[in-house]
Amino acid sequence: MKIICIGRNYIAHAKELNNPVPVQPVFFMKPDTALLPPHNPFFYPAFSKDIHYEAELVIKINKNGRHIAEKFAHKYYDEISVGIDFTARDLQASCKQKGLPWEIAKAFDFSAPVGNFLNINDFENKQNIPFSLKINQEIRQEGNSKNMIFSFDQIIAYVSQFVTLRSGDLIFTGTPEGVGPTQIEDHFEVFVGTEKLLEFNVK
Ligand code: MG
């Protein structure tokens, strides 16, 4: 499986990082080795001094497809969770400055903790799914799929023009505003609505 991540999908987050608001989705990938196994801590990597959290809704692809039309895209996923797109912001800034790809800042081992999945059809409206991140009991990020620039279906239609989607692939759909640095000893809890789907410690 692979992990596809959408960047700059919330206007307020694009602005907080001084990025332009995109007219097309921006995506990058993390390998399957970026998954953090359940119940494991996230170990702060030695190569960065500025690891940021980005809480995101994550959808799971349930069948193979390419060149998927937006109107059929809803048939390609039926589960949703939350994940953290850990980012080495210092390495990313240096890559951006040099015009280099972001992999060392985004695709490193265990940079993608993902929670338990819920059936997306249990939600009344897919375009209105609230989620939040608490660190050490304090709310750090709150988002809602209604504020995404590109919807789940638009993301699937766009990405599948370039990359075949396979059953089991995950799509991180972008982070709202409020990203920030994490510290050793932080305790993460990530929710969809009031349901806690992901919890881990930083060591
Ligand atoms: Mg992200």
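It should be emphasised that the depicted structure is a prediction, and the values quoted were computed from it without experimental measurement.

*Asks:* Looking at this structure, I do not really get the environment of Val-26. What am I missing?
*Replies:* With respect to the element layout, Val-26 can be found in strand β2 (residues 26-30). Assessed through its relative accessible area of 25%, Val-26 is described here as partly exposed. A C-alpha to C-alpha distance of 28 Å links Val-26 and Phe-200, two positions 174 residues apart in sequence. Setting aside residues no more than four positions away along its own chain, Val-26 makes contact with Cys-5, Ile-6 and Gly-7.

*Asks:* Help me out: how do you make sense of the coordination of the magnesium ion in this one?
*Replies:* Coordination sphere of the magnesium ion, protein contribution only: Glu-54 (OE), Glu-56 (OE) and Asp-85 (OD), at 2.0 to 2.1 Å. Mapping the donors of the magnesium ion onto the primary sequence gives the spacing E-x1-E-x28-D. Here Glu-56 is found in strand β4 (residues 55-61), whereas its partner Asp-85 is found in the loop between β5 (77-84) and β6 (87-88), with 29 residues between them in sequence.

*Asks:* Please explain the sheet that holds strand β12 (residues 187-192) as it appears in this structure.
*Replies:* Strand pairing in a sheet is mediated by backbone hydrogen bonds. Such pairs are either parallel or antiparallel. The antiparallel open sheet is built from four strands, whose spatial order is β9-β8-β12-β13. The open sheet is flanked by β9 (138-144) and β13 (195-201), the only strands paired with a single partner. The sheet shows a mean angle of 15° between the axes of neighbouring strands, taken without regard to direction. Where strand β8 (residues 130-135) lies against β12, five bridges are found, and the strand directions are antiparallel. Along β12, the bridge assignment pairs Ile-135 with Phe-188.

*Asks:* Just checking my understanding: could you explain the layout of surface pockets for this structure?
*Replies:* To find the voids left in a structure, one rolls a probe of water-molecule size over its atoms. Space inside the largest pocket adds up to approximately 240 Å³. Along the walls of the largest pocket sit 14 residues, with Pro-38, His-39, Leu-197, Leu-198 and Glu-199 positioned nearest its centre. Of the residues in the lining of the largest pocket, the class split is eight nonpolar, four polar and two charged.

*Asks:* What is the right way to look at the sheet that holds β4 in this model?
*Replies:* Across the sheet, six strands lie side by side as β2-β1-β10-β4-β5-β7; this open sheet has mixed pairing. Strand pairing shows two members of the sheet lacking a second neighbour, β2 and β7 (118-119), which therefore form its edges. Taken together, the three bridges between β4 and strand β10 (residues 170-172) define a ladder with antiparallel strand orientation. Its bridge partner being in β10, Lys-60 is matched across the sheet by Leu-170.

*Asks:* Looking at this structure, I do not really get the nonpolar core. What am I missing?
*Replies:* The tendency in soluble globular proteins is for nonpolar side chains to be buried as a group. Counting 46 residues, the largest nonpolar core has Ile-84, Phe-86, Ile-156, Phe-188 and Phe-200 as its most contacted members. When residues of this core are traced back to their parent elements, those giving at least two are β1 (3-7), β3 (51-53), β4, β5, β8, α4 (152-159), β12 and β13. A total of five residues in this core trace back to one element, the largest contributor, which is α4. Formed by 11 residues, the second largest nonpolar core is a distinct cluster that contains Trp-102, Val-114, Leu-170 and Phe-172.

*Asks:* How do you make sense of the side chain of Asp-169 when you look at a structure like this?
*Replies:* Within the fold, Asp-169 resides in the loop between α4 and β10. In terms of polar contacts, Asp-169 uses its side chain to reach the side chain of Lys-2, at 2.6 Å. Of note is the side chain of Asp-169, whose polar atom sits 2.8 Å from the backbone nitrogen of Arg-166. Setting aside chain neighbours within four positions, we find Asp-169 in contact with Met-1, Lys-2, Ile-59, Lys-60, Ile-61 and Thr-164.

Reading the values: the criteria
Residues numbered from 1 in each chain as written. Predicted model: local features only at pLDDT ≥ 70, side-chain atom pairs only at ≥ 80, totals over all residues. Heavy atoms only, no water. Helix = DSSP H or I, 4+ residues; strand = E, 2+ residues; numbered from the N terminus. Buried < 20%, exposed > 50% of the residue type's maximum accessible area, 1.4 Å probe, protein only. Contact = heavy atoms within 4.5 Å. Donors = N, O, S within 2.8 Å, 3.2 Å for Na, K, Ca; no water. Pairing = 2+ DSSP bridges. Axes fitted to C-alpha atoms, helices over the stretch in contact; angles between N-to-C directions. 1 Å grid on protein atoms, 1.4 Å probe; cavity = no way out; pocket = protein on both sides within 12 Å on 5 of 7 lines; lining within 4 Å. Points joined across faces, edges and corners; volume = space filled by probe spheres on them. Nonpolar A, V, L, I, M, F, W, Y, C, P; charged D, E, K, R; others polar. Core = buried A, V, L, I, M, F, W, Y, C linked by side-chain atoms within 4.5 Å. Polar contact = N/O pair within 3.5 Å; in protein donor to acceptor, adjacent residues only side chain to side chain.

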